[in-house]
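Observations on the model geometry
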Amino acid sequence: MRASLLADADLRFAIVRRLRQREPQIDFLSAQGLISDSTADPDVLTLAADLDRVLVSHDFKTMPGHFYRFLQLRQSPGVILIPQLLPTGYAVDELRTAWLCQEAEEFKNRIIYLPL
């Protein structure tokens, strides 16, 4: 079974939009209306876990530490981190590859750093 994804508030919406265009069957929920820029990382991780969605973020600075602390309390569907400066087309290709080549179970409790 393929993973469902959740965009963090910091993720460029162009990545979400273009991946949805390339893979219409992908279940990729944008942060709009769910996650504000001021939402704390632990709360974002909790929301992703409650929704059973892999979180996709640009936050290399604080997300990994919060993620590993989160795992001490509960399971996570996983996190995918994409460098902010990675060109959108390349980010979409890498995210698409990760989504196509791994089952949801393979993301659980892991951080995937893109590019692969």
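Residues numbered from 1 in each chain as written. Predicted model: local features only at pLDDT ≥ 70, side-chain atom pairs only at ≥ 80, totals over all residues. Heavy atoms only, no water.

Some words on helix H2 (residues 41-51)
Filter applied, for reference: Relative accessible area decides the class of each residue, using a 1.4 Å probe on protein chains only: under 20% of the type maximum gives buried, over 50% gives exposed, and in between gives partly exposed. What counts as a helix is a DSSP run of H or I of at least four residues, what counts as a strand is a run of E of at least two, and both are numbered from the N terminus. Taken from the helix axis, the directions to the C-beta atoms give the arc we talk about. The contact criterion used is simple: two residues touch if any of their non-hydrogen atoms lie within 4.5 Å.
Three or more residues of H2 are buried, namely Asp41, Val44, Leu45, Ala48 and Ala49. Looking straight down H2, one finds that the buried residues subtend no more than 135° of arc, so they occupy a single side. Against strand E1 (5-7), strand E3 (54-57), helix H3 (63-70) and strand E4 (79-81) lie the buried residues of H2. In the stretch just after H2, Asp52 is the one whose phi turns positive, near 55°.

Let's talk about the pattern of salt bridges
Rules: The term salt bridge refers to a side-chain nitrogen of Lys or Arg lying within 4 Å of a carboxyl oxygen of Asp or Glu.
Throughout the structure, instances matching the rule amount to 6 salt bridges. Salt-bridge contacts for Arg22 lead to Asp93; the nearest nitrogen and oxygen are separated by 2.3 Å. Of the two residues, Arg22 is situated in helix H1 (residues 13-22) and Asp93 in helix H4 (residues 88-101); the sequence distance between them amounts to 71 residues. Judged by relative accessible area, which is 42%, Arg22 ranks as partly exposed. Accessibility expressed as a relative area gives 35% for Asp93, which makes it partly exposed. Here Glu105 and Lys108 are joined by a salt bridge, their closest N and O atoms 3.8 Å apart. Among the residues examined, Lys108 registers a relative accessible area of 35% and is labelled partly exposed.

A word on the packing of aromatic side chains
The description of an aromatic ring pair rests on the distance of the ring centres and on the angle between the ring planes. Our working definition: Each Phe, Tyr or Trp ring, with Trp reduced to its six-membered ring, pairs with another whose centre is within 6.5 Å; inter-plane angles below 30 degrees give stacked pairs, above 60 give edge-to-face pairs, and intermediate values give tilted ones. Both a distance and an angle decide whether a charge sits over a ring: NZ of Lys or CZ of Arg must be within 6 Å of the ring centre and within 35 degrees of the ring normal.
In this structure the tally under the stated criterion is 2 aromatic pairs. A centroid spacing of 5.7 Å and a plane angle of 45° characterise the contact between Phe60 and Tyr113, whose relative ring orientation is tilted. Of this pair, Phe60 sits in the loop between E3 and H3 while Tyr113 sits in strand E5 (residues 111-113), and the two are 53 residues apart along the sequence. The class of Phe60 is partly exposed, set by a relative accessible area of 34%. Taking the relative accessible area as the measure of exposure, Tyr113 reaches 39% and is therefore partly exposed. For the ring pair Phe67 and Tyr68, a centre distance of 5.4 Å and an interplane angle of 70° mean the geometry is edge-to-face. On the accessibility criterion, Tyr68 (45% relative accessible area) is partly exposed. Here Arg2 stacks its cationic end above the ring of Trp99, 5.6 Å away from the centre of that ring.

Some thoughts on the nonpolar core
To be explicit about the condition: Residues belong to a common nonpolar core when they are buried Ala, Val, Leu, Ile, Met, Phe, Trp, Tyr or Cys residues joined through side-chain atoms within 4.5 Å.
Judged by nonpolar contacts, the single largest core of 22 residues is most densely connected at Leu5, Leu11, Phe28, Val56, Ile80, Ile82 and Leu95. Among the elements of the structure, E1, H1, E3 and H4 are those that each provide at least two residues to this core. Top contributing element to this core by residue count: H4, with 5 residues. Leave out the neighbours within four places in its chain, and Leu11 touches Val16, Phe28, Val56, Ser57, His58 and Ile82.

Concerning the environment of Asp10
The residue Asp10 is located in the loop between E1 and H1 in this model. For Asp10, a relative accessible area of 29% gives the class partly exposed. Sequence-wise, Asp10 and Leu47 are 37 residues apart; in three dimensions their C-alpha atoms are separated by 15 Å. The contacts of Asp10, once residues within four sequence positions are left out, are Ser57, His58, Asp59 and Gln84.

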